[in-house]
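# Examining the three-dimensional arrangement
Below, each chain spelled out in residue letters.
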Amino acid sequence: KGDLVRLSSIGVSFDPDIFPNPEKWNPDNFSKENRANRNPYSFMAFSLGPRNCLAMRFAFFEMKVAVSHLVTTFKILPTTKTCKNPEVDPRSVLGAAKGGLWVKFEAR
């Protein structure tokens, strides 16, 4: 009683039983067919159930607009500080990269 219990959404996201080759970006992981074939609790970025994030759809829309604006306005290039294989910071609740993610933005 009184203990705080947290589930690691990063741990679930990198589980090879749920997402084959979790270290590699594969947009097909989120196709309708693949989503239908796995447990609905395997993607918990916004929580699930009756108390999930009310602004989830807005957040997805906002992210799509921001990313599309960035990639059409800038070239995103590596720097000398860019890490090729970033590690998750174990102290981060949201799964931030240890040491940060360093890139250079160059106007197109």
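Placed above this text is the structure.
Basis of the calculations
Residues numbered from 1 in each chain as written. Predicted model: local features only at pLDDT ≥ 70, side-chain atom pairs only at ≥ 80, totals over all residues. Heavy atoms only, no water. Helix = DSSP H or I, 4+ residues; strand = E, 2+ residues; numbered from the N terminus. Contact = heavy atoms within 4.5 Å. Buried < 20%, exposed > 50% of the residue type's maximum accessible area, 1.4 Å probe, protein only. Lys, Arg positive; Asp, Glu negative; His and termini not counted. Salt bridge = Lys/Arg side-chain N within 4 Å of Asp/Glu carboxyl O. Polar contact = N/O pair within 3.5 Å; in protein donor to acceptor, adjacent residues only side chain to side chain. Phe/Tyr/Trp six-rings, centres within 6.5 Å; stacked < 30°, edge-to-face > 60°. Lys NZ or Arg CZ within 6 Å of the ring centre and 35° of its normal. 1 Å grid on protein atoms, 1.4 Å probe; cavity = no way out; pocket = protein on both sides within 12 Å on 5 of 7 lines; lining within 4 Å. Points joined across faces, edges and corners; volume = space filled by probe spheres on them. Nonpolar A, V, L, I, M, F, W, Y, C, P; charged D, E, K, R; others polar.

### Brief notes about the environment of Phe-30
Summarising the element assignment, Phe-30 is placed in the loop between α1 (9-13) and α2 (32-36). Taking the C-alpha atoms as reference, Phe-30 lies 9.6 Å from Phe-43; in sequence the two are 13 residues apart. Setting aside its immediate chain neighbours within four residues, Phe-30 contacts Phe-19, Trp-25, Arg-35, Arg-38 and Phe-43.

### Re the side chain of Arg-38
By the element assignment, Arg-38 lies in the loop between α2 and α3 (56-73). No salt bridge is formed by the buried Arg-38, whose closest oppositely charged neighbour, Glu-33, lies at an N-O distance of 10.0 Å. Among the polar contacts made by the side chain of Arg-38, one reaches the main-chain carbonyl oxygen of Asn-29 at a distance of 2.6 Å.

### With respect to the packing of aromatic side chains
Following the criterion strictly, the structure yields four aromatic pairs and no others. Summarising the aromatic geometry, the rings of Phe-19 and Phe-30 are spaced 6.0 Å apart at their centres and angled 35° between planes, so their arrangement reads as tilted. With a gap of 11 residues between them, Phe-19 in the loop between α1 and α2 and Phe-30 in the loop between α1 and α2 connect regions that are remote in the sequence. Seen from their ring centres, Phe-46 and Phe-60 are 5.0 Å apart, and the 55° between their planes marks the pair as tilted. With a gap of 14 residues between them, Phe-46 in the loop between α2 and α3 and Phe-60 in helix α3 connect regions that are remote in the sequence. Pairwise contacts between aromatic rings join Phe-19, Trp-25 and Phe-30 into one cluster. The lysine or arginine in question, Lys-81, covers the ring of Trp-102, its NZ or CZ lying 3.7 Å from the ring centre.

### Section: the layout of surface pockets
Counted as a void, the largest pocket has a volume near 1,500 Å³. Along the walls of the largest pocket sit 39 residues, with Ile-10, Ser-13, Phe-14, Leu-94 and Gly-95 positioned nearest its centre. Considering every element that reaches the lining of the largest pocket, the biggest residue donor is α1, with three residues. Considered class by class, the residues forming the lining of the largest pocket number 22 nonpolar, 11 polar and six charged. Lining of the second largest pocket is provided by 15 residues; of these, Phe-30, Arg-35, Arg-38, Pro-40 and Phe-43 occupy positions nearest its centre. Its residues assigned to classes, the lining of the second largest pocket comprises nine nonpolar, four polar and two charged.

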